[in-house]
Amino acid sequence: MVQNTNQVEGRAVPEKTLGEIQVDNPRMSARNVNVFYGEKQAIDNISLDIGMSQVISFIGPSGCGKSTFLRCLNRMNDTIDICKVDGEIKIDHQNIYDPAIDVVSLRARVGMVFQKPNPFPKSIFDNIAYGPRIHGLAASKVELDQIVESSLQRAGLWEEVKDRLDQPGTGLSGGQQQRLCIARAIAVSPEVILMDEPCSALDPIATAKVEELIHELREQYTIVIVTHSMQQAARISDRTAYFHLGKLVEVGDTKQVFTNPRHELTQDYITGRFG
Amino acid sequence: MSFTNLMLTVLVISALYFIAGQRVARALRSNNAGKLHSLPHYHGVWAAVTSALPALFVLLTILIGKDLLFQFWARDYFPEDVMNGDTVDRAIALAKVSNVINGISFGEVEPWVQAAGDAWIRWDANAIVVANSLVLAVSLVGGLLGYRRINLAFRSRNYVERILTWMLIGSSLVAILTTIGIVLSVLFESIRFFKLIPPQDFLFGLEWNPQFEGAERAGSGGGTATYGMVPMFVGTFLISAIALTVAIPIGLFSAIYLAEYATPRIRGIVKPLLEILAGVPTVVYGFFAALTVAPFVKSVGESMGLEVASESALAAGLVMGVMIIPFISSLSDDVINAVPQSLRDAAYGLGSTRSEAVRQVVLPAALPGIVAAVILAVSRAVGETMIVVMAAGLAANLSFNPLDAVTTVTSQIVTILVGDQEFESAKTLSAFALALMLIITTLALNYFALQIVKKYREQYD
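The rules behind these values
- Residues numbered from 1 in each chain as written.
- Chains lettered and ligands numbered in written order.
- Predicted model: local features only at pLDDT ≥ 70, side-chain atom pairs only at ≥ 80, totals over all residues.
- Heavy atoms only, no water.
- Pairing = 2+ DSSP bridges.
- Helix = DSSP H or I, 4+ residues; strand = E, 2+ residues; numbered from the N terminus.
- Domains from an automatic or database assignment.
- Phe/Tyr/Trp six-rings, centres within 6.5 Å; stacked < 30°, edge-to-face > 60°.
- Buried < 20%, exposed > 50% of the residue type's maximum accessible area, 1.4 Å probe, protein only.
- Lys NZ or Arg CZ within 6 Å of the ring centre and 35° of its normal.
- Patch = residues over 30% accessible without salt bridge, like charges linked within 9 Å, V, L, I, M, F, W, Y side chains within 5 Å.
- Areas by Shrake-Rupley, 256 points an atom, 1.4 Å probe, with all protein chains shown as cover.
- Salt bridge = Lys/Arg side-chain N within 4 Å of Asp/Glu carboxyl O.
- Lys, Arg positive; Asp, Glu negative; His and termini not counted.
- Charge placed at Lys NZ, Arg CZ, Asp CG, Glu CD.
- Contact = heavy atoms within 4.5 Å.
- Buried area = accessible area lost by both parts, 1.4 Å probe.
- Polar contact = N/O pair within 3.5 Å; in protein donor to acceptor, adjacent residues only side chain to side chain.
- Nonpolar A, V, L, I, M, F, W, Y, C, P; charged D, E, K, R; others polar.
- 1 Å grid on protein atoms, 1.4 Å probe; cavity = no way out; pocket = protein on both sides within 12 Å on 5 of 7 lines; lining within 4 Å.
- Points joined across faces, edges and corners; volume = space filled by probe spheres on them.

1. Comments concerning the sheet that holds strand E8 (residues 94–95) of chain A
Residues and elements named next belong to chain A. The 4 strands lie next to each other as E5-E4-E7-E8, forming an open sheet whose pairing is antiparallel. At either margin of the open sheet sits one strand with a lone partner, and together these are strand E5 (40–51) and E8. The pairing of strand E4 (residues 26–37) with E5 spans 8 bridges and is classified as antiparallel. Across the sheet, residue Val-35 finds its bridge partner in E5, namely Ile-43.

Okay, structure coming up:
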């Protein structure tokens, strides 16, 4: 990074992340990750553990690299030609950037929910059944029906759509579409679910429903969520990581980060002085 | 003043009104008497349009109307026997008169023709005077009326908007009216054809043999002329089907490659190259088909022990297929690119491979556009003439065998209308009947394409 962009109101981004990078029981762990878009460095030497069955939220001002880092975790950055990733990201002690690893099965283990709801232009049923079908998770029609039903139930959408499974998923409301996308992601039984600002396109009521859903899903899944809403991060996450200009400034228990931040930048951001 | 000069004068007057309108509006604005509703140049445009539009309309009406009127007046000079004759006699009489007007003389001119011609020249001179004064008056008065309406509150901006709308509507009407005109002219000639040949013989006849028409009329024997359109339509569909069998898979696959797999650099090279194919004149494809592909098809076929005509449907179809590849690939590529990236992200995020994402997400979403591309290609194939004339032959065989020589509707129309023709003969008129059937066919194709597109739109939106 260029020196002067490391300064915000005279405060330097620390060379080393403050707080607890490591957890006792990590599902994924990243070490010394750097990401480049062509010449530009988007992520600068980030190391972070993501704990089993925990919700961790990434916060920080726009352009701080939190979405980029999120997309490294299931190698979605591969679809961008000029993007280069180095360092090490492990899931269950296996480096996901190892040439031997199969990206397709990695993405089945690390699912993703996007900022804008993006249901396929297919029926509600086919939206959920898409993942199980391509991965051969259901041996029979009955089994597939069960997967679809249980995924929709876990996403809290079953009661709303059970009578119209054959209708297009794009016909649902924005909030329902986003829960459909979450149901679609959990239908392939991932271990980790990445969520990239999943509520930014939703109204407050739909947001509340999605947050409630995240709260229930934490029992079974490890969830990484990028959010612009600090209240949301405070409400739903166990740990919080604060990103700034491509660096991870601080990470720790959510309560600790929001009540007693270790770095002035975090303090300034959560008190709304910039961002 | 000639009509061209008159038109230029009208435009100059309207330009002057533009300047005047703009200036008076500026003056109103600088007087600070209140807020000017529209910007000064809208007032200028308003004054210019009120001057030019009605004047040009009057000019156009006079231009079109005067000849019709004079033709009607000229009848007073025609002798009894011409007036009592049929339309052809009257048309001949008019042609004689117009020869006098243009100063062309063939021998002795009948006195009534000379009189009518002289009168016509007189009327024409008067018409120019009337047109000059009328058009200039309309443009000056119209402009003045428009100009006088300009004041602070006058909403010239809204009026100009409305005038623009009408001009746009007018432009699209020109296209529609032209189409209707073409269809009607073909329709009327076809009706004349159907008076000579019963429609059922034409529509369901299995033999096409108009060449004997002349011999038949001369009574020299040798055969009867038959006008069955079925062999040509079978030929058209056979060749189009072969072309599409070539073009749809190749075009679609290359579109998928370009849109989903190719790096920007490769795409930048391959796409223009593919589009060059669309720019090759069809006559070049034609001799490529006739001189290169047809002999090749023949020799390959014969080496396999098949009997191949030297001008085969297969050769023409293959080359036509190559010709329409760029239509399918280029349009499909655009459509596939228009599928939102978020859908691809969703598919990849669930662990799809590229081909799974393409097959199950991208292609279904792009389907309406792809169908439209294919239908456009079908219309091109059905209407294509040159390749068929050169490579498929002119023998109207009723055959579904791609190795036979067949002919198509368009190439028959060409053979019928090339060279000297006599119009009242069934042979010549049959070209119009064929054209009418072709128009109906492509119209039906377009209609079905629209229905398909609509159906999938409903499903996906």
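2. Here we look at the domain arrangement of chain B
Taken domain by domain, chain B holds domain 1 (3–154) and domain 2 (230–460). Distance between the C-alpha centres of domain 1 of chain B and domain 2 of chain B: 48 Å.

3. A word on the packing of aromatic side chains
By the definition in use, this model includes 22 aromatic pairs over all chains. The interplanar angle of 70° and the centroid separation of 5.6 Å between the aromatic rings of Phe-194 of chain B and Phe-202 of chain B together place this pair among those described as edge-to-face. Here the aromatic rings of Trp-208 of chain B and Tyr-227 of chain B are separated by 6.1 Å at their centres, their planes lie at 80°, and the arrangement is edge-to-face. In this pair, Trp-208 of chain B is assigned in the loop between helix H7 (199–204) and helix H8 (213–218) and Tyr-227 of chain B in the loop between H8 and helix H9 (230–261), connecting sequence segments 19 residues apart. Judged by its relative accessible area of 6%, Tyr-227 of chain B falls in the buried class. The structure contains a cluster of three or more aromatic residues connected by ring pairs, namely Phe-70, Trp-73, Tyr-77, Trp-120 and Trp-123 of chain B. Over the ring of Phe-120 of chain A we find Arg-184 of chain A; its NZ or CZ atom is 4.4 Å from the centre of that ring.

4. Quick look at a negative patch on the surface
Residues Glu-80, Asp-81, Asp-86 and Asp-89 of chain B make up a contiguous surface patch of negative charge. Looking at the element boundaries, Asp-86 of chain B is found in the loop between helix H3 (80–84) and helix H4 (87–101).

5. Let's talk about the interface of chain A and chain B
Counting residues at the interface gives 24 residues for chain A, matched by 21 residues for chain B. When the two sides are added together, the surface that chain A and chain B hide from each other amounts to roughly 1,800 Å², 61% of it contributed by carbon and sulfur. At the boundary of chain A and chain B, one finds 4 residue pairs in polar contact (both at pLDDT 80 or more). When residues of the side of chain A that touches chain B are traced back to their parent elements, those giving at least two are helix H2 (103–109), strand E9 (110–113), helix H3 (124–135) and helix H6 (174–186) of chain A. Broken down by class, the residue content of the side of chain A that touches chain B amounts to 14 nonpolar, 5 polar and 5 charged.

6. Brief notes about the sheet that holds strand E13 (residues 247–253) of chain A
All names here are of chain A. As summarised here, the arrangement of the 7 strands in space is E3-E13-E12-E6-E11-E10-E9, forming an open sheet in which the pairing is mixed. Edge strands, defined here as strands with exactly one partner in the open sheet, are strand E3 (18–19) and E9. By the bridge criterion, 4 bridges tie E9 to strand E10 (residues 192–196) in an arrangement that is parallel. Counterpart to Val-110 in the pairing with E10 is Val-192.

7. Observations concerning empty space enclosed by the protein
Residues and elements named next belong to chain B. This model, assessed by the stated rule, comprises 1 cavity of 30 Å³ or more. Its boundaries defined by the atoms lining it, the largest cavity holds a volume of some 30 Å³. Every residue lining the largest cavity is listed: Leu-258, Lys-271, Leu-274, Glu-275, Ser-329, Ser-330 and Asp-333. Broken down by secondary-structure element, the contributors of at least two residues to the lining of the largest cavity are helix H10 (264–279) and helix H12 (313–338). Per-class residue counts for the lining of the largest cavity are 2 nonpolar, 2 polar and 3 charged.

8. Thoughts on the pairing of E13 of chain A
All names here are of chain A. Counting buried positions over the 7 residues of E13 gives 6, a clear majority of the element. In this sheet, E13 lies alongside strand E12 (residues 239–244) in antiparallel orientation, the contact comprising 6 bridges. Within the sheet, the bridge partner assigned to Arg-239 lies in E13 and is Asp-253. Between E12 and E13, which pair antiparallel in sequence order, lie 2 residues; one of them, Leu-245, sits at a positive phi of approximately 45°.

9. Description of the pattern of salt bridges
A side chain with one charge can pair with a side chain of the opposite charge if their charged atoms come near. Taken as a whole, this structure holds 24 salt bridges over all chains when the rule is applied. Taking the shortest distance from any N to any O, the salt bridge between Glu-260 of chain B and Arg-344 of chain B comes out at 2.7 Å. Taken together, the residues span a long stretch of sequence, with Glu-260 of chain B in helix H9 and Arg-344 of chain B in helix H13 (residues 341–349) at a distance of 84 residues. On the basis of relative accessibility, which here comes to 7%, the residue Arg-344 of chain B falls in the buried class. It is possible to trace a salt-bridge network through shared partners that takes in Arg-27, Asp-92, Arg-109 and Glu-191 of chain A.

10. Looking at the side chain of Ser-332 of chain B
All names here are of chain B. Tracing the backbone through its elements, the reader meets Ser-332 in helix H12. On the basis of relative accessibility, which here comes to 0%, the residue Ser-332 falls in the buried class. Residues within four places of Ser-332 in sequence aside, it is in contact with Leu-252, Ala-255, Ile-370 and Ala-373.

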